[in-house]
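Okay, here's what each chain looks like letter by letter:
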Amino acid sequence: MSNIAINTAQNVNLDYKLIGVGERFVAFLIDGLILIAYMTIMENLVAVSEIFDTDSWTRRGFLGLLTLPALFYSLLCHVLFSGQTIGKMIMKIKVVRFDGAPTQWYNLLVRWMLRIIDIWMFFASIGVMSILLSDKKQRVGDSAAGTVVISVKQKHKISSTILEEITDDYEPVFNNVTLLSDKDVRIIKEAFMISKRNNDFKTLTIIRNKICGLLQIESDMFDKEFIDTILKDYNYYTQNM
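Every value quoted in this text rests on a predicted model; they were computed, and no experiment measured them.

**Topic: the overall build of the protein chain**
Then, in step 1: Along its length, the protein chain carries 11 helices and four strands.
Then, in step 2: Residues classed as buried in the protein chain amount to 37% of the 241 residues present.
Then, in step 3: The long-range fraction of contacts in the protein chain, counting pairs at least 24 apart against all pairs at least 6 apart in sequence, stands at 63%.
Then, in step 4: In the form shown here, the protein chain has an accessible surface area of approximately 14,900 Å², with 61% of it arising from carbon and sulfur atoms.

As structure tokens, then:
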């Protein structure tokens, strides 16, 4: 199993499973069935509708116009649904930039254009081989666009990172929390979560005293409230730096 670490805007690394040929092929088949169903409906619509009751060349022209969106199905879906087609949604996989930056339309355009090489030339052998031989499981289009395909089956809960949910109107209490590092905050949060879960009040006091020593601060808050405030303050300042 291959994984990739995506770095968030808060400098938190989240590990995602990279997707190889199998799941991508199933998603491709699902999208193919959707396109076949769409084109069949359009053909029947043109065949039975009186609006198109004219010569065969005109009917073919209308049919070509109505089925034109099918040619751009993959590109449109990826742009509109943030890196997913309907097939990818069902398979819970997604196209993302491997550097962690938001995927832009031009990344998806490059990736889509190179489907000609990856999928339609030599019966998809180029795309399959490039995925199998690539460390990041990238086809040629992915390599050119700077993208990878990842699994989104397992959502990373915010509680498993140093991130905290804070409201837009949140008012910080301790303005020197930025003296802490991401590593410090991660250790504090992990110990805090375990201590709360086990009602380990002694450890909560130890954590609190350690924070007060590091930041040279005092507070009348209870231990839980104090540590929770420290975590929220750290997120407030680091997200707005």
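**Here's the deal with unusual backbone geometry**
Across the chain, the bulk of peptide bonds are trans and the bulk of non-glycine residues have phi less than zero.
Then, in step 1: A positive phi angle, close to 70°, is found at Ala124, a residue other than glycine.
Then, in step 2: Its identity as a non-glycine residue notwithstanding, Asn199 has a phi of 50°, on the positive side.
Then, in step 3: Counting through the fold element by element, Asn199 comes out in the loop between α9 (182–197) and α10 (201–215).
Then, in step 4: Judged by its relative accessible area of 48%, Asn199 is partly exposed.

**As for helix α3 (residues 73–80)**
Given 3.6 residues per helical turn, the α-helix brings residues three or four places apart onto the same face.
Then, in step 1: All buried positions along α3 are accounted for by Tyr73, Ser74, Leu75, Cys77 and His78.
Then, in step 2: Summarising the contacts, the buried residues of α3 are in contact with α1 (21–48), α2 (56–71), α4 (86–91), β3 (93–97), α5 (105–113) and α6 (115–120).
Then, in step 3: In the segment just after α3, Ser82 is the residue with positive phi, at about 55°.

**Some thoughts on the packing of α9 against helix α11 (residues 223–239)**
Then, in step 1: At a minimum axis distance of 11 Å, the contact between α9 and α11 shows a crossing angle of 145°. As for the relative orientation of α9 and α11, their crossing is left-handed in sense. Two secondary-structure elements touch here, α9 through Asp182, Val185, Ile188, Lys189, Phe192 and Lys196 and α11 through Lys224, Ile227, Asp228, Leu231 and Tyr234.
Then, in step 2: Across the contact of α9 with α11, the residue classes break down as six nonpolar, no polar and five charged.

**What about the confidence of the model for the protein chain?**
Then, in step 1: In this model, the protein chain carries a mean pLDDT of 86, and residues with pLDDT of at least 70 account for 86%.
Then, in step 2: pLDDT under 50 marks residues 8–12. Its contacts with residues more than four places away, or in other chains, come to 10 contacts.

**Details of the pattern of salt bridges**
Then, in step 1: On inspection of all chains with the given rule, the structure shows seven salt bridges.
Then, in step 2: One salt bridge connects Glu23 with Lys153, and the closest N-O pair in it is separated by 3.5 Å. Here Lys153 lies in the loop between β4 (147–151) and α9 and Glu23 lies in helix α1, a separation of 130 residues in the sequence.
Then, in step 3: Asp223 is paired through a salt bridge with Arg208; the nearest N and O atoms lie 3.1 Å apart. Residue Asp223 is located in helix α11, and its partner Arg208 is located in helix α10; the two are separated by 15 residues in the primary sequence.
Then, in step 4: Sharing partners across several salt bridges, the network here consists of Lys17, Glu23 and Lys153.

**Quick word on the pairing of β4**
Then, in step 1: Across the five residues that make up β4, a large majority, five, are buried.
Then, in step 2: Burial of the side chains of β4 extends over both faces: Thr147, Val149 and Ser151 are buried on one face and Val148 and Ile150 on the other.
Then, in step 3: Relative to β4, β3 runs antiparallel, the two being bridged by five bridges. Note on β4: the bridge partner recorded for Arg97 is Thr147.

**A short note on the nonpolar core**
Then, in step 1: Counting residues in each nonpolar core, the largest one holds 17 residues, and the members touching the most others are Ile211, Phe226, Ile227 and Ile230.
Then, in step 2: For this core, the elements supplying multiple residues, two or more each, are α9, α10 and α11.
Then, in step 3: Excluding anything up to four places from it in sequence, Ile230 contacts Phe174, Val177, Leu180, Ile211, Leu215 and Ile217.
Then, in step 4: Of all hydrophobic cores here, the second largest spans nine residues; its members include Ile19, Ala27, Leu75 and Met91.

**Considering the packing of α9 against α10**
Then, in step 1: Packing of α9 against α10 leaves a shortest axis separation of 9 Å and a crossing angle of 155°. Taken together, the axes of α9 and α10 lie roughly antiparallel to each other. The two elements α9 and α10 cross, and the hand of that crossing is left-handed. Across from Ile188, Ala191, Phe192 and Ser195 in α9, the residues of α10 making contact are Thr203, Leu204, Ile207 and Ile211.
Then, in step 2: Its residues assigned to classes, the contact of α9 with α10 shows six nonpolar, two polar and no charged.

**Remarks on a nonpolar patch on the surface**
Then, in step 1: Taken together, the side chains of Phe62, Leu65, Leu68, Leu71, Phe72, Leu76, Leu80, Phe81, Ile86, Met89 and Ile90 present a nonpolar region at the surface, about 1,000 Å² in accessible area.
Then, in step 2: Where the nonpolar patch is concerned, the elements lending two or more residues are α2, α3 and α4.
Then, in step 3: With respect to the helices, strands and loops of the structure, Leu76 is situated in helix α3.

Conventions we followed
Residues numbered from 1 in each chain as written. Predicted model: local features only at pLDDT ≥ 70, side-chain atom pairs only at ≥ 80, totals over all residues. Heavy atoms only, no water. Helix = DSSP H or I, 4+ residues; strand = E, 2+ residues; numbered from the N terminus. Buried < 20%, exposed > 50% of the residue type's maximum accessible area, 1.4 Å probe, protein only. Contact = heavy atoms within 4.5 Å. Areas by Shrake-Rupley, 256 points an atom, 1.4 Å probe, with all protein chains shown as cover. Axes fitted to C-alpha atoms, helices over the stretch in contact; angles between N-to-C directions. Left-handed = near helix turned anticlockwise from the far one by under 90°. Nonpolar A, V, L, I, M, F, W, Y, C, P; charged D, E, K, R; others polar. pLDDT = per-residue confidence, 0-100. Salt bridge = Lys/Arg side-chain N within 4 Å of Asp/Glu carboxyl O. Pairing = 2+ DSSP bridges. Core = buried A, V, L, I, M, F, W, Y, C linked by side-chain atoms within 4.5 Å. Parallel < 35°, antiparallel > 145°, perpendicular 65-115°, else oblique. Patch = residues over 30% accessible without salt bridge, like charges linked within 9 Å, V, L, I, M, F, W, Y side chains within 5 Å.

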